Each structure stands twice: as structure tokens, then as C-alpha cells.
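Letter by letter, the chains look like this.
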Amino acid sequence: MKGYLVLRVVAKLMIAFMVVFALYVQFHGDFGPGGGFQAGVITAAAIVFYAIIFGLPAARAVVPDWLVEAMVAAGVLLYAGVGFAGLVLGGNYLDYFVLAADPVEGQHRGIFWIELGVLITVAGVMLKIFYMFASRDEERSR
Amino acid sequence: MIIATLLTMIAVITVVIVRERNLFAVVVLFGIYSFLMATVLVALDAVDVAMTEASVGAGISTILFLSALHLSKGIEMKPLHRPFLPLIVALATGAALAYGTLDLPAFSDPRAAIHQHVAKRYVDEAARETGVPNIVTAVLASYRGYDTLGEVTVVFTAGIGVIALLRRMRPRKRGEGS
């Protein structure tokens, strides 16, 4: 749909705001609605939007396949890693109180990192599924 | 009143989805269904769930349905036989579920059993213990950290499942194409 001027301009305007909104949902999730899952989906939606307007190759140049596949696993590993960090620092698995000197500060730190893990995995999986579906069409028409 | 109106609209859309044969229209109606459902959830004060419903139900799944639709024909085939037995099973299950809701406590009743167990402690202590004002986030990420780790693992498993299924198609296709 690269030929449509209106779509192209609106997409360029909107995508920046979508990514900012995803970051807002991610980092403001402690205070308002939202969190890693929603932020991950919104991030993926922004890139899917880009892919729809500018074509799949353009989106693959921005977010390449190897990065998406790494994200799928990296988020889970980050989440599980926070659990092990709690073990190493002398607490239980997924115990955030030991992550910092102040227990409340430790909770903040733990929640921040696990929410980041959720975002990375969810965004990666959503994008990967979209890439797989969209690229099947390319192969078929080849 | 608002919720009743929205639920009526959802019921109408469901009937239209079942009867409609044009799959593009069905996908669009699914999106509308999700947005209505998200509005219902907002009216029920479940903003986090509403956000998920709007972004996943109306956003990503519509995209995935459309990309799947792109690979297939746009019109649903007429069923080969009249599916009366499934209709009866569905109606019986729905009636049983509706009968089950009759015993539920009234919406947001503070004396309901579910508010007597750990929920009270979360409401009282979450802000002090975790320093997170949004109790939903505190419960999800901190008190129920194991659950959320499990959920992320489910998303991960679903992702690699889809990768494994769709990847397998490629080499065979290339062989056939040349």
C-alpha cells in the first residue's frame, strides 16, 4: 500500500505515537492500567502496521528475523533470570525483596525486569506469527 | 443499563457472525465484537483486561485473521449437513452455564466468598509491601510471579509451536515449485 499518500503519511505519524504509547503502558503499568503483556502487543501492532503500509521487506529490515526469534526466547530467559537473581542474592526463587537494600525498592526492580521480559516475549511471538503468515503468501505467489 | 445494551449488541453480532458467509465481513465483525467486549470490561472496572481485549482481540487477532484469509478463499462453504446435534449440545451447555450463574453473588458484593480469602490482604497490604499503587500489577508481577512466569512460558511455547508448524512447509514447497 506504499502508493497511498494519505496512508503513508498517517502511518508515519501514528507509528511513533504507538511506540511511545507502548512504552507508556509498559513503564506506567505500576500506576495505571497496563503492563508488559499489553505493551508487547502494542509494540508488535506498531511494527505490523508498518509492515502493512510499507511492505514486509521494509519491516524485516527494521526488525530482522533473527532479532524477533531471539526476542521470543530472551524474554522468558530474562524473567527466569530475575528468579535466579533472587536465589543468588539469598532469597527464594522470584523473591524481589532481596534485589535491593530497601525491600520496596527491590520489588520495584523485580517488577520492572519481569515486565520487560513479558514485553520482549509477547512482542516477539506476535511479530513472529505475523511474519510467518505474511511470508507464506510471498512464497506462494513466487 | 450500559452493560445490558452492550451485551445485546454483542449477542446480535454473534448471530450475524454465525449466519454470515463472507469471511472478510466476519473478521471485521470479530473486531467489533472485541471492541464491544472491551467496553463491557471497562464498564465492569476491569481496565487491564479491557486493554488486553482491545489490543489482542481487536488488534492482533484481526490482523492474523486477515493474513490467514488472504491465503484462503473469502467465502465460507455451505455446510454439508445440518448441524443439529452440535446446536443441541451448545444450547444445553449454555443453559447449564446460565443456571450456574444464578448462584453467583451479586456483582462487586464485598461479602462474596472470593473477597474474603487473600484478596483482602492484597488490597490492604499491596501498596505498602510493593510500593505499586496498581494492585493488578502488584498481584500479577509480585504475589503471583510464578503464575505470570507460567503465562509467559505458554506464550513462548505457542510461538515456537507456530514456528515449528509453519517452517516445516517451506522446504517441501520449494521442491515442488521448481
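Residues numbered from 1 in each chain as written. Chains lettered and ligands numbered in written order. Predicted model: local features only at pLDDT ≥ 70, side-chain atom pairs only at ≥ 80, totals over all residues.

(A) Main features of helix H1 (residues 5-27) of chain A. Taking 1.5 Å per residue as the helical rise, H1(A) with its 23 residues ought to reach 33 Å, and the 34 Å between its terminal C-alpha atoms agrees with that figure. For H1(A), the set of buried residues is A:Ala22, A:Val25 and A:Gln26. (Helix = DSSP H or I, 4+ residues; strand = E, 2+ residues; numbered from the N terminus. Expected span 1.5 Å × (residues − 1). Buried ≥ 20, exposed ≤ 12 C-beta atoms within 10 Å, placed from the backbone.)

(B) Structural view of the nonpolar core. Ranked by internal contacts, the top residues of the largest apolar core, which has 52 residues, are A:Val41, A:Ala44, A:Val122 and A:Met126. Mapped onto this core, the elements with two or more residues apiece are H1, helix H2 (36-54), helix H4 (65-88) and helix H5 (103-141) of chain A together with helix H3 (47-71), helix H6 (135-143) and helix H7 (145-167) of chain B. With 16 residues, H5(A) is the largest single contributor of residues to this core. B:Leu36, B:Met37, B:Ala38 and B:Ala50 belong to the second largest nonpolar core, which has eight residues in total. (Core = buried A, V, L, I, M, F, W, Y, C linked by C-beta atoms within 7 Å.)

(C) Spotlight on unusual backbone geometry. Not every positive phi belongs to a glycine, and A:Leu94 is a case in point at roughly 60°. With respect to the element layout, A:Leu94 can be found in the loop between H4 and H5. In this structure, B:Asp45 is a non-glycine residue whose phi angle is positive, near 65°. By secondary structure assignment, the location of B:Asp45 is in the loop between helix H2 (23-43) and H3.

(D) Representation of the interface of chain A and chain B in the model. Each side of the interface is counted separately: chain A has 46 residues, and chain B has 39 residues. For the side of chain A that touches chain B, the secondary structure elements donating two or more residues are H2, H4 and H5 of chain A. Broken down by element, the residue count for the side of chain A that touches chain B peaks at 23 residues, all from H5(A). (Contact = placed C-beta atoms within 7 Å.)

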